[in-house]
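Understanding the architecture of this molecule
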Amino acid sequence: GQQLNQSPQSMFIQEGEDVSMNCTSSSIFNTWLWYKQDPGEGPVLLIALYKAGELTSNGRLTAQFGITRKDSFLNISASIPSDVGIYFCAGLLYGNNRLAFGKGNQVVVIP
Amino acid sequence: SQTIHQWPATLVQPVGSPLSLECTVEGTSNPNLYWYRQAAGRGLQLLFYSVGIGQISSEVPQNLSASRPQDRQFILSSKKLLLSDSGFYLCAWSMAPGGETQYFGPGTRLLVL
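As a starting point, this report considers the structure included with it.

Procedures and definitions
Residues numbered from 1 in each chain as written. Chains lettered and ligands numbered in written order. Predicted model: local features only at pLDDT ≥ 70, side-chain atom pairs only at ≥ 80, totals over all residues. Heavy atoms only, no water. Salt bridge = Lys/Arg side-chain N within 4 Å of Asp/Glu carboxyl O. Buried < 20%, exposed > 50% of the residue type's maximum accessible area, 1.4 Å probe, protein only. Helix = DSSP H or I, 4+ residues; strand = E, 2+ residues; numbered from the N terminus. Pairing = 2+ DSSP bridges. Axes fitted to C-alpha atoms, helices over the stretch in contact; angles between N-to-C directions.

Pairing between side chains of opposite charge can happen when their charged atoms approach one another. All names here are of chain A. Tallying each qualifying case throughout the model produces 4 salt bridges over all chains. Here Asp38 ties to Lys36 by a salt bridge, and the two come within 2.9 Å at their closest N and O atoms. Judged by relative accessible area, Asp38 falls into the partly exposed class, the value being 29%. Of the residues examined, Lys36 reaches a relative accessible area of 14% and is grouped as buried. Note that Asp83 is salt-bridged to Arg60, the shortest N-O span being 2.8 Å. Here Arg60 lies in the loop between strand 6 (55-58) and strand 7 (61-65) and Asp83 lies in the loop between strand 8 (71-76) and strand 9 (85-92), a separation of 23 residues in the sequence. Residue classification places Arg60 among the partly exposed positions, given a relative accessible area of 29%.

Remark on secondary structure: sheet strands pair via backbone hydrogen bonds, oriented parallel or antiparallel. All names here are of chain B. Strand order across the open sheet formed by 4 strands is 1-3-8-7, with antiparallel pairing between neighbours. Taken across any chain shown, the strands that pair with only one partner, and hence form the sheet edges, are strand 1 (3-7) and strand 7 (65-70). Strand-to-strand, the axes of this sheet are offset by a mean angle of 20 degrees, without reference to chain direction. As defined by bridge partners, strand 1 adjoins strand 3 (residues 19-26) across 5 bridges and the pair is classed as antiparallel. Across the sheet, the residue bridging to Trp7 is Glu22, located in strand 3.

Listed below in structure tokens is the structure:
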């Protein structure tokens, strides 16, 4: 399957700091999705991006669909303790109904 | 609104026993349905997907099978569990056709002893 390179793999940040993570691939994607997974639960969709260059916000979260269509980033501003979790990127190739997933980024927020 | 359910939430089974995990979706018709396994280390591995009743595509050869007896029901099964089948099993759905955005269920934690 298609490989998505997600970095960093883990982050320890101070409460109130901003967080930035990204996802890259050698393939071109039609859709980029960002999910958050809390321990023992299923991933929850945070932001969906459908157009190259699209910048979308959801509260303190902002994500962008890269112009080259091969990457995406997610920013979390002013982190709070409940931001703890694993953040996954996922991408969908054109004409394909199977998502490729990154390996996730474990975010730990230190109060 | 759409909701997705998985049952059971947690399961402990002996090696060699059968398995049946159920996933149901409410509030939508003719969804695409997916089974994933998430092992320690966090990656999500697609096991099966279905675009309609009785239509199953398998992504990786394994000890598991899937069935879709009804439009909004997806079942993951095994005749004889292996230790390596332990993991966190996630069901997901997406709108058909296209299926750009997938929505996940709460998951089933399976421990094979």
